[in-house]
Amino acid sequence: MAVIDRHEEVSVQLTGAPEDADAVFAALLAAYPCDRDAEEHPHHEGRGEHPTIWSATYDVASPDTAGPVATTALHAPVGAELSGSYAAVDRLARAMTTGFAVEVEHAVSGDGEKQLRLRLDSPSASGG
């Protein structure tokens, strides 16, 4: 069993349509190891008006072996919360810009940890 440096893990929580969340998870999984099974797909939980949040943890320790985050079309924007060490969150957020239009909505820094709230959209939606 491989030892994972917890300082290189980023927790990702997504909100939005299940098919869009699934597209984001698939793009990230193609680039980074994850605790989420590739066959595990987001779906509505039927909890009324409350948004469903899906989560996964990505190991971004090895930027040399990580693949690029593929350009990914979304039907609607997806909210993403990233949390982990400063370097790990920054690395994943930068990588996400290759596959999505990324807007930083909020950032919070703490003692050794960083949290970013992002809005992800299809790359063409950014006007580029």
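Residues numbered from 1 in each chain as written. Predicted model: local features only at pLDDT ≥ 70, side-chain atom pairs only at ≥ 80, totals over all residues. Heavy atoms only, no water.

Engineer: Report on the overall build of the protein, specifying residues and quantitative values.
Structural biologist: Of regular secondary structure, the protein possesses two helices and five strands. Written out in order from the N terminus, the α and β elements of the protein read β-α-β-β-α-β-β. Taking the contacts inside the protein whose residues are at least 6 apart along the sequence as the reference set, 73% of them involve residues at least 24 apart. Total accessible area computed for the protein in this model is approximately 7,300 Å², and 51% of it derives from carbon and sulfur atoms. (Helix = DSSP H or I, 4+ residues; strand = E, 2+ residues; numbered from the N terminus. Contact = heavy atoms within 4.5 Å. Areas by Shrake-Rupley, 256 points an atom, 1.4 Å probe, with all protein chains shown as cover.)

Engineer: Tell me about the pattern of salt bridges, and please be specific about residues and values.
Structural biologist: In this structure the tally under the stated criterion is four salt bridges. Between Glu81 and Arg117 there is a salt bridge, and its shortest N-O distance comes to 3.2 Å. One end of the pair, Glu81, is in strand β3 (residues 78–84); the other, Arg117, is in strand β5 (residues 114–121), and 36 residues separate them in sequence. Residue Arg117 is classed as partly exposed on the basis of its relative accessible area of 36%. For Lys114, the salt bridge goes to Asp90, with nearest N and O atoms at 2.5 Å. Residue Lys114 is found in strand β5, and its partner Asp90 is found in helix α2 (residues 86–96); the two are separated by 24 residues along the sequence. (Salt bridge = Lys/Arg side-chain N within 4 Å of Asp/Glu carboxyl O. Buried < 20%, exposed > 50% of the residue type's maximum accessible area, 1.4 Å probe, protein only.)

Engineer: I'd love a proper account of helix α1 (residues 18–31), names of residues and values included.
Structural biologist: Look at α1: 20 Å from first C-alpha to last across 14 residues, which is about the 20 Å you get at 1.5 Å a residue. Buried within α1 we find Pro18, Asp20, Ala21, Val24, Phe25, Ala27, Leu28 and Ala31. Close packing links the buried residues of α1 with β1 (9–15), β2 (54–59), β3, α2 and β5. (Expected span 1.5 Å × (residues − 1).)

Engineer: Can you lay out the environment of Asp35 for me, pointing to particular residues and giving the numbers?
Structural biologist: Examined against the element boundaries, Asp35 turns out to sit in the loop between α1 and β2. Sequence-wise, Asp35 and Ala56 are 21 residues apart; in three dimensions their C-alpha atoms are separated by 6.2 Å. In contact with Asp35, other than residues within four places in its own chain, are Ala56 and Thr57. Within the structure, the side chain of Asp35 is placed 2.8 Å from the backbone nitrogen of Thr57, a separation counted as a polar contact. (Polar contact = N/O pair within 3.5 Å; in protein donor to acceptor, adjacent residues only side chain to side chain.)

Engineer: An account of α2 is needed here, citing residue identities and associated values.
Structural biologist: Listed in full, the buried residues belonging to α2 are Ala88, Val89, Arg91, Leu92, Ala93, Ala95 and Met96. For α2, the elements touching its buried residues are β1, α1, β3, β4 (101–109) and β5.

Engineer: Which residues make up the sheet that holds β2, and what values go with them?
Structural biologist: Reading across the sheet, the five strands line up as β2-β1-β3-β5-β4 and stay open at both edges, with antiparallel pairing between neighbours. Bordering the open sheet on either side are β2 and β4, each of which pairs with just one other strand. Averaged over all pairs of adjacent strands, the angle between strand axes in this sheet comes to 20 degrees, irrespective of strand direction. Relative to β5, β3 runs antiparallel, the two being bridged by seven bridges. Along β5, the bridge assignment pairs Val78 with Leu120. Running at roughly 10 degrees to β2, α1 makes contact with β1, β2, β3 and β5 of the sheet. (Pairing = 2+ DSSP bridges. Axes fitted to C-alpha atoms, helices over the stretch in contact; angles between N-to-C directions.)

Engineer: Residues and numbers for the environment of Thr52, please.
Structural biologist: Here Thr52 shows up in the loop between α1 and β2. On the accessibility criterion, Thr52 (16% relative accessible area) is buried. Spatially, the C-alpha atom of Thr52 lies 7.7 Å from that of Gly16, the residues being 36 residues apart in sequence.

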